[in-house]
Amino acid sequence: MSAEHPTLPPVGRVARAVWLLAGLLATGVGAIGIVVPGLPTTVCFIVAAWCFSHSSERLERWVLNLPSIGPMVRDHRAGLGMP
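Residues numbered from 1 in each chain as written. Predicted model: local features only at pLDDT ≥ 70, side-chain atom pairs only at ≥ 80, totals over all residues. Heavy atoms only, no water.

Broken down by element type, the protein carries 4 helices and 0 strands. Reading the protein from its N terminus to its C terminus gives the helix and strand order α-α-α-α. A buried classification covers 35% of the 83 residues belonging to the protein. Contacts spanning at least 24 positions in sequence make up 51% of the contacts within the protein whose residues lie at least 6 apart. (Helix = DSSP H or I, 4+ residues; strand = E, 2+ residues; numbered from the N terminus. Buried < 20%, exposed > 50% of the residue type's maximum accessible area, 1.4 Å probe, protein only. Contact = heavy atoms within 4.5 Å.)

Pasting the structure below:
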């Protein structure tokens, strides 16, 4: 688990796989939203980071470190809102 979520209970292998798939799906929709007007991009990447926080710290860090999306996701997590 990531240091941001110390109170979360341990997640089983099946649940971790479900969170991983949900994160990948949200990432895919967010990536499509970058080029297709009307699809939410930032919201999808926020959901993806949240799903990855339950399944893969490496992918969570990847989303948080994306040059154009990462700052918006980090701002949302810090309670600064969403653009």
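Still more ground to cover, so stick around.
For helix 2 (residues 42-55), which comprises 14 residues, the first-to-last C-alpha distance of 20 Å matches the rise-based estimate of 20 Å (1.5 Å per residue) to within 8%. All buried positions along helix 2 are accounted for by T42, C44, F45, I46, A48, A49, C51, F52, S53, H54 and S55. Looking at the packing, one finds that the buried side of helix 2 touches helix 1 (13-35), helix 3 (57-64) and helix 4 (70-77). (Expected span 1.5 Å × (residues − 1).)

This paragraph deals with the packing of helix 3 against helix 4. The relative placement of two packed helices is expressed as an angle between their axes plus a distance between the axes. In contact at an axis separation of 7 Å, helix 3 and helix 4 are set at 105 degrees when each is read in the N-to-C sense. As the angle between them shows, helix 3 and helix 4 are arranged roughly perpendicular. Judged by residue contacts, E60, V63 and L64 of helix 3 engage G70, V73, R74 and R77 from helix 4. The class makeup of the residues in the contact of helix 3 with helix 4 is 3 nonpolar, 1 polar and 3 charged. (Axes fitted to C-alpha atoms, helices over the stretch in contact; angles between N-to-C directions. Parallel < 35°, antiparallel > 145°, perpendicular 65-115°, else oblique. Nonpolar A, V, L, I, M, F, W, Y, C, P; charged D, E, K, R; others polar.)

A few words on the pattern of salt bridges. Close approach of charged atoms lets side chains of opposite charge pair. All chains considered together, the criterion is met by 1 salt bridge. For the salt bridge of R77 with E60, the shortest nitrogen-to-oxygen distance reads 2.8 Å. A residue pair is termed long-range when its members are at least 10 positions apart, and R77 in helix 4 and E60 in helix 3 qualify at 17 residues. Residue classification places E60 among the buried residues on the basis of a relative accessible area of 4%. (Salt bridge = Lys/Arg side-chain N within 4 Å of Asp/Glu carboxyl O.)

What follows covers the environment of P40. Tracing the backbone through its elements, the reader meets P40 in the loop between helix 1 and helix 2. Judged by relative accessible area, which is 39%, P40 ranks as partly exposed. For P40 and V29, which are 11 residues apart along the polypeptide, the C-alpha to C-alpha distance reads 8.2 Å.

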